[in-house]
Amino acid sequence: MQTAVIGHADSELPVVLPMEAIELDDFRAHQAGQTYWCGVWLGGCGHQLFTKLYTDRACHFAHGPDPEHTSTCARKAAGVSSADHLYIKQGLLAWMAERDITATATIAREADGSIGREVLFTPAGHTGLRVLLAESADSPEPVGEDSAQQVLGPEMTSDPDVLLRQGYVNRIQLIPDGTRRRIQVGTERHGGTTEWFDLHEVEFTDAGLTTPAVKEVRRLRTTRRPIGVQAPKATPQQTRPTVRPTSEETHGIPSPDRAAVMAALEQAVSDGRSRTEIRRWLNQAEEVTHGGATADENGLIRAAVDALLRLERAVGLPTPPEPTFQERKALQKVQRLLGDLAEQQRRRFPAVTPHQRRQLAQAAEQASAWLTDTQRSQVQAWQTAPTESAPAPRAPQPPARPRAPHIPPTADHSARFDAAGLADAVRDVLEHSARLGKTVTFPDLCTQVKNLRELPESDQVQVLRRVKPAARPRSPKPQRPALLTALITTEAGTMHPIYRQLANHAGHHLPQQAESAWTDTVKVLHDRYGAP
């Protein structure tokens, strides 16, 4: 599940968990010390939740261990939008308070136990506000003037009669804003187009939520004449009729020629002509119907007004597509690699390794459609930057025992860096490599675990000592001890010298010729994590 509440089971403070591992690391850092719950106002069981980090699928909240299977959760909605009713209640109450409006809000619970379909607001001195997020058999549709105080969710079907009578229907949606959700209010006009506004652009009046689009619709409607008013009789023809001069503005049609003006307006709207031409014929239509308009004429004028508003506000145009999951991951990888290279350059190491260049090129190609011009320029610059030169080949030398670095006694470094947090991030990378049957070089590990490269070697050792498996595999047979850090290799793919020190510290003393024992340990890890 992607949503939870913070603090306790009855809390109404919602939170959305990021799906990407990189974003979850930042989320954990900013939310340190918080507890998360499967809240009752989410329709949940009320038990505590914990964040689960994955690099090969979406990160999510999960219930804590329950060895005795005493708890059951019948929560029906668990996606990103499953806490929208809490965000709406919290956001609109805060918005009203900023406008000195005292209000209360109630989240309705349906007969079937579901929650979150409807939120009712009771503001002092104003008519109540009803937010409908999903169809509900228990709640009758409002009629008459109540329709102005009704706000629909983005998936709710609007009533054509309300659109025809009122000229608009207000909607509400929530869009991502970091680890929260931001409210937008939209106004759907006759014709199916919806224009969205942030809350700071919306007012609260006696007629409910009032957006700039609502004001425009009401202003234009006040210029219309009542439907069905009979047009005044034509002036008796004089003995010598005066011919009215024609002009470019009337396109050669005298203003009294009512039928021709209305036909030209209808043709301009149906053909989708320019707003200049529609406005010209609309002005003519308002002139010839000044004394009163029939029902058909009022309907045509209203359709022309809606068409003109769509053209002037550029609504109704195709919505740009969203990046796919793979494209988002590639874009994040480009951003991360560019950040690492920039930091590398700041530390006066401007050379790029072949591996970094290859990774950047592959990620940039996959996310090409979503890169900014600045990012494209940076990618191109790093593709042409000098490559880190490889060491010159040397004559074969007898194998020499690598001299391991001296490891000082364990010390408390929590004042300078988060050793436990870095260890968790290292564990996630190594477990992912184990599931894929791979190893990871130490430079690649430093690239994937933020801030690990900047630590002194002694602090890096302290972090690696803390790396433990997320969960001990269940097996009827005793498990052979195997450190996850065995998967860290040199650039050549051999055992990293630091592994001997880590193994000795953990009590896994390696023989003098340790390559064979190390290879066996790597195989054990691949078998253990690769098993279903």
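Model, not experiment: these values are computed from the prediction.

The rules behind each value
- Each chain has its residues counted from 1, following the order in which its sequence is written.
- The predicted nature of this model means local features are confined to residues of pLDDT at least 70 and side-chain atom pairs, given and counted, to a pLDDT of 80 or more, with totals for whole chains, interfaces and linings taken over all residues.
- With hydrogens and water stripped out, all remaining heavy atoms of the structure feed into the side-chain values.
- Where helices and strands are cited, they refer to DSSP runs of H or I of at least four residues and of E of at least two residues respectively, numbered from the N terminus.
- The buried label goes to any residue with under 20% of its type's maximum accessible area, the exposed label to any with over 50%, and the partly exposed label to all in between, with areas taken from a 1.4 Å probe on protein chains only.
- A contact between two residues is defined here by any heavy atoms of the two lying within 4.5 Å.
- Here the accessible surface of atoms and residues is derived via Shrake-Rupley with a 1.4 Å probe, and residues count as covered only by protein chains that are part of the display.
- What makes a nonpolar core is a set of buried Ala, Val, Leu, Ile, Met, Phe, Trp, Tyr and Cys residues whose side-chain atoms join them at distances within 4.5 Å.
- Criterion for a salt bridge: a side-chain nitrogen of Lys or Arg within 4 Å of a carboxyl oxygen of Asp or Glu.
- Here, a disulfide means two cysteine sulfur atoms that sit within 2.5 Å of each other.
- We treat two strands as partners when DSSP finds at least two bridges between them.
- The convention used is that axes are lines fitted to C-alpha atoms, helices contributing only their stretch in contact, and that angles between N-to-C directions extend from 0 to 180 degrees.
- An angle below 35 degrees is read as roughly parallel, one above 145 as roughly antiparallel, one from 65 to 115 as roughly perpendicular, and any other as oblique.
- Take the far helix as your reference; a near helix turned counterclockwise from it by less than a right angle gives a left-handed crossing, and one turned clockwise gives a right-handed crossing.
- Ten residues, namely Ala, Val, Leu, Ile, Met, Phe, Trp, Tyr, Cys and Pro, are considered nonpolar, four, namely Asp, Glu, Lys and Arg, are considered charged, and the remaining ones, Gly among them, are considered polar.
- Each Phe, Tyr or Trp ring (for Trp, its six-membered ring) is paired with any other whose centre lies within 6.5 Å, and the angle between the two planes then decides the class: stacked below 30 degrees, edge-to-face above 60, tilted in between.
- As a reminder, the over-ring test applies to NZ of lysine and CZ of arginine, requiring each to be within 6 Å of the ring centre and within 35 degrees of the ring normal.
- A helix is expected to span 1.5 Å multiplied by its residue count minus one.

Visitor: How do you make sense of the overall build of the protein when you look at a structure like this?
Guide: Counting its secondary structure elements, the protein contains 15 helices and 16 strands. Here the protein holds 532 residues, and the buried ones make up 41% of them. Taking the contacts inside the protein whose residues are at least 6 apart along the sequence as the reference set, 60% of them involve residues at least 24 apart. In the form shown here, the protein has an accessible surface area of approximately 30600 Å², with 53% of it arising from carbon and sulfur atoms.

Visitor: What should I look at first to understand the nonpolar core in this one?
Guide: Burial of nonpolar side chains together is a common tendency in soluble globular proteins. Core analysis: the biggest nonpolar cluster contains 37 residues, and Val426 and Leu445 have the highest contact counts within it. The set of elements that each furnish at least two residues to this core consists of α11 (419–435), α12 (442–448), α13 (457–465), α14 (497–505) and α15 (515–530). Broken down by element, the residue count for this core peaks at eight residues, all from α11. In contact with valine 426, not counting residues within four places along its chain, are Leu445, Val449, Leu452, Val463, Leu464 and Val467. Core analysis: the second largest hydrophobic core is formed by 29 residues, Ala83, Leu92, Phe121 and Ile183 among them.

Visitor: What is the right way to read the pattern of salt bridges from this model?
Guide: Side chains that differ in sign of charge can pair as their charged atoms come close. Counted under the stated rule, the structure contains 13 salt bridges. Note that glutamate 216 and arginine 219 form a salt bridge whose closest N and O atoms lie 3.1 Å from each other. Taken together, the residues span about one helical turn, with glutamate 216 and arginine 219 both in helix α4 (residues 212–221) at a distance of three residues. Exposure remark for arginine 219: the relative accessible area of 45% places this residue in the partly exposed category. Aspartate 424 is the salt-bridge partner of arginine 427, the closest N and O atoms lying 3.4 Å from each other. Residue arginine 427 and its partner aspartate 424 are both found in helix α11; the two are separated by three residues, about one turn of the helix. Note on arginine 427: relative accessible area 15%, which makes it buried. Looking at aspartate 424, the relative accessible area reads 32%, which means it is partly exposed. The network of salt bridges with shared partners includes Asp424, Arg427 and Asp428.

Visitor: Quick question: what am I supposed to make of the state of the cysteines here?
Guide: Joining two cysteines, a disulfide is a covalent bond between their sulfur atoms. Within the structure shown, the criterion is met by zero disulfides. The cysteine cysteine 45 is free of any disulfide, with cysteine 73 supplying the nearest cysteine sulfur at 3.9 Å. Cysteine 45 sits in the partly exposed class, given a relative accessible area of 22%. Among the cysteines around cysteine 73, which has no disulfide bond, cysteine 38 carries the closest sulfur, lying 3.6 Å off. Residue classification places cysteine 73 among the partly exposed residues on the basis of a relative accessible area of 34%.

Visitor: Where do I start with the environment of leucine 436 in this structure?
Guide: Topologically, leucine 436 is positioned in the loop between α11 and β15 (440–441). On a C-alpha basis, the gap between leucine 436 and histidine 526 in space is 7.7 Å, while along the polypeptide they are 90 residues apart.

Visitor: I'm lost on the sheet that holds strand β6 (residues 103–109) in this one. Help?
Guide: To summarise the sheet geometry, strands pair through backbone hydrogen bonds and adopt either a parallel or an antiparallel arrangement. Strands sit in the order β6-β7-β8-β9-β10-β11-β12 across an open sheet of seven strands; the sheet is mixed. Two strands close off the open sheet at either side, each with one partner strand: β6 and β12 (194–198). Averaged over all adjacent pairs, the angle separating strand axes in this sheet is 30 degrees, with direction ignored. Relative to strand β10 (residues 168–177), strand β9 (residues 150–152) is paired through two bridges, and the arrangement is parallel. Note that in β10 the partner of valine 151 across the bridge is asparagine 170. Its contacts with the sheet place helix α2 (residues 84–98) against β6, β7 (115–123), β8 (129–132), β10 and β11 (180–189), and it is angled at close to 15 degrees to β7.

Visitor: What is the right way to look at unusual backbone geometry in this model?
Guide: Note: most peptide bonds trans; most residues except glycine with negative phi. Phi is positive for aspartate 100, close to 60 degrees, though the residue is something other than glycine. The exposed category is assigned to aspartate 100, whose relative accessible area is 74%.

Visitor: Would you mind showing me how to read the packing of α13 against α14 here?
Guide: Two elements in contact, α13 and α14, have axes whose closest approach is 11 Å; the angle formed by their N-to-C orientations is 50 degrees. Relative to α14, the element α13 lies oblique. Between α13 and α14 lies a crossing of right-handed hand. Contacts between α13 and α14 involve Val461, Leu464 and Arg465 from the former and Ile498, Leu502 and His505 from the latter. Its residues assigned to classes, the contact of α13 with α14 comprises four nonpolar, one polar and one charged.

Visitor: I would appreciate a short explanation of the packing of aromatic side chains in the present structure.
Guide: Two aromatic rings, taken as a pair, are described by how far apart their centres are and by the angle between their planes. Considering all chains together, one arrives at three aromatic pairs under this definition. Here the aromatic rings of tyrosine 36 and phenylalanine 61 are separated by 5.3 Å at their centres, their planes lie at 50 degrees, and the arrangement is tilted. With a gap of 25 residues between them, tyrosine 36 in strand β3 (residues 36–37) and phenylalanine 61 in strand β5 (residues 60–63) connect regions that are remote in the sequence. Take tyrosine 36 and phenylalanine 61: they sit in the same class, and that class is buried. Chaining the aromatic ring pairs together yields one cluster made of Phe27, Tyr36 and Phe61. Arginine 57 extends its terminal NZ or CZ atom over the ring of tyrosine 54, reaching a point 3.9 Å from the ring centre. When the ring centre of tryptophan 41 is taken as origin, the NZ or CZ atom of arginine 109, which lies over that ring, is 6.0 Å away.

Visitor: Would you mind showing me how to read α15 here?
Guide: Working note: α-helix, 3.6 residues per turn, so residues spaced by three or four point in the same direction. End to end, α15 covers 22 Å across 16 residues, agreeing with the expected 22 Å (1.5 Å per residue, within 8%). Close packing links the buried residues of α15 with α11, β16 (488–489) and α14.

Visitor: Would you mind going over the sheet that holds strand β1 (residues 3–6) with me for this structure?
Guide: What the five strands build is an open sheet, ordered β2-β1-β3-β4-β5; its pairing is antiparallel. The strands lining the two open edges of the sheet, one partner per strand, are β2 (14–16) and β5. Of the strand pairs in this sheet, β3 and strand β4 (residues 48–52) are connected by two bridges, and their pairing is antiparallel. The residue of β4 that forms the bridge with tyrosine 36 is leucine 49.

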